[in-house]
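Below, each chain spelled out in residue letters.
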Amino acid sequence: MSLEDLSSAARAQQAAPPPRRARVGALDVLRGFALCGILPANVAPIANTGDAMRAVTAGQGVDVLGLLVHQRFFPIFSLLFGIGFSLLLDSAGDRVERPRMLLLRRLLVLLVIGSAHLFLLWRGDILTVYALVGLVVLLPSTWLPRWAVAGLGVALVATSLIIQGGHYSLVPGLFLLGSALTRYGVVARIERATWGPVALCAAFAAAAAPFVVAQMMSAHDALVFTVAGLLLAGAYVTGVISLLRTPLRPVLTAAFAPLGRMALTNYLSATVIVKVLAPAFGGAAAGWPPGRIVLFSFVVLAAQWAISTVWLRKFRYGPVEWLWRWATWLRRPPLARRP
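Residues numbered from 1 in each chain as written. Predicted model: local features only at pLDDT ≥ 70, side-chain atom pairs only at ≥ 80, totals over all residues. Heavy atoms only, no water.

How do you make sense of the packing of helix H4 (residues 74-93) against helix H8 (residues 171-183) when you look at a structure like this?
The description of two packed helices rests on the angle between their axes and on the distance between the axes. It is at 7 Å that the axes of H4 and H8 come closest, and there the two elements cross at 45°. The orientation of H4 with respect to H8, classified from their angle, is oblique. Along this stretch, H4 crosses H8, giving a crossing that reads as right-handed. Across from Phe74, Pro75, Ser78, Leu79, Phe81, Gly82, Ile83, Ser86 and Leu87 in H4, the residues of H8 making contact are Val171, Leu174, Phe175, Leu177, Gly178, Ser179, Leu181, Thr182 and Arg183. (Axes fitted to C-alpha atoms, helices over the stretch in contact; angles between N-to-C directions. Helix = DSSP H or I, 4+ residues; strand = E, 2+ residues; numbered from the N terminus. Parallel < 35°, antiparallel > 145°, perpendicular 65-115°, else oblique. Left-handed = near helix turned anticlockwise from the far one by under 90°. Contact = heavy atoms within 4.5 Å.)

Written as structure tokens, this is what we have:
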């Protein structure tokens, strides 16, 4: 090979973007698992079009959903958003000269998607909140050292609990904690962790137990309700990670990963499905018993799982994820899988 050929090959190698990093399978499973808890919590608010912002809270009595679902999965999604943001920043840093501009576009596009969902379909949309908090909190935090991000995340969560600001006020702190987990390398080691998640799951469950009991005895205490939700969310996350290190991993991956890989598409489409199908289940959804909500959610999620599974056999991304990625990188990513 001539010197000129070597020089051309070197230039081509430098111009080519580095290979994409492998997906973290555990995160897809966690997203799908969280989606399965988000939907039962949202069915009544989405279907109750006359009062779209109505949600089940601690003041509406204690039931199975109140103990195990409501405000237990929302923190997981918020944490995962912060994790995904920092993972993308790390990946983009190897592929573009101005990675923060790429993240800025990503958040602005999410704001457009969320605003359309908010004003056209459901006033309880969370994507708009995520985009705005991302712009105000997550993006500026990329200039801070990781210890400052972690400390600020803890401080914001604690402040939210002290002032009892509600679940939206928890978002900034959870975003930063998720980002810190990535920047400290915890997420990179998540697939190799064995006993750490088991110990954390036991600790979270033990810490949550008295708050869950207190919630059963005093359903009107919003602080107890919120703390129980955060601690149970921690138990859920570490419990799933622990199970992924067992022979149940293939089952969990098959059950949750397709939903998680198309989480944005499934979140948005669930709103349409609930609005269309809920009237067929009889009565106002706000008055449905927990069993009916669980059954309805199972039907919707089963349909989404089937569609997601078939779709991902042929395509790399969900349809909304593909458009979001296109707008983020300003170039069209390949959609179809190679035969």
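Can you walk me through the environment of glutamine 304 in this structure?
With respect to the element layout, glutamine 304 can be found in helix H13 (residues 290-314). Taking the C-alpha atoms as reference, glutamine 304 lies 9.5 Å from threonine 265; in sequence the two are 39 residues apart. With sequence-adjacent residues up to four places away left out, glutamine 304 is seen in contact with Leu259, Asn266, Ser269, Ala270 and Ile273. Here the side chain of glutamine 304 touches asparagine 266 through a polar contact of 2.8 Å, landing on its backbone oxygen. A distance of 2.9 Å separates polar atoms of two side chains, one belonging to glutamine 304 and the other to serine 269. (Polar contact = N/O pair within 3.5 Å; in protein donor to acceptor, adjacent residues only side chain to side chain.)

Mind showing me how you'd approach unusual backbone geometry here?
Residue glutamine 71 is not a glycine yet carries a positive backbone phi of 60°. Mapped onto the secondary structure, glutamine 71 falls in the loop between helix H3 (64-68) and H4. Taking the relative accessible area as the measure of exposure, glutamine 71 reaches 16% and is therefore buried. Backbone geometry places leucine 330, a non-glycine residue, at a positive phi of 60°. Judged by relative accessible area, leucine 330 falls into the exposed class, the value being 59%. (Buried < 20%, exposed > 50% of the residue type's maximum accessible area, 1.4 Å probe, protein only.)

Got a minute to help me understand H8 in this structure?
What sets the pattern is the α-helix's 3.6 residues per turn: residues three or four places apart point alike. Over its 13 residues, H8 runs 18 Å from end to end, which matches the ideal 18 Å to within 8%, given 1.5 Å per residue. Within H8, 10 of the 13 residues are buried, which leaves it mostly tucked inside the rest of the structure. Among all positions of H8, only Val171, Pro172, Gly173, Leu174, Phe175, Leu176, Gly178, Ser179, Ala180 and Thr182 are buried. Each element contacted by the buried residues of H8 is listed here: H4, helix H6 (127-141), helix H7 (146-163) and helix H10 (222-243). Following H8 by one or two positions, glycine 185 adopts a phi angle in the positive range, close to 85°. (Expected span 1.5 Å × (residues − 1).)

Teacher, can you tell me more about the side chain of serine 297 here?
Here serine 297 lies in helix H13. Apart from the residues lying within four places of it in its own chain, the contact partners of serine 297 are Leu39, Pro40 and Val43.

It is not clear to me how the packing of aromatic side chains should be interpreted in this structure. Could you clarify?
Taken as a whole, this structure holds 10 aromatic pairs when the rule is applied. Measuring from ring centre to ring centre gives 4.3 Å for tryptophan 311 and phenylalanine 315, while their planes differ by 35°; the resulting arrangement is tilted. Assessed through its relative accessible area of 22%, phenylalanine 315 is described here as partly exposed. A centroid spacing of 5.2 Å and a plane angle of 55° characterise the contact between tryptophan 322 and tryptophan 326, whose relative ring orientation is tilted. (Phe/Tyr/Trp six-rings, centres within 6.5 Å; stacked < 30°, edge-to-face > 60°.)

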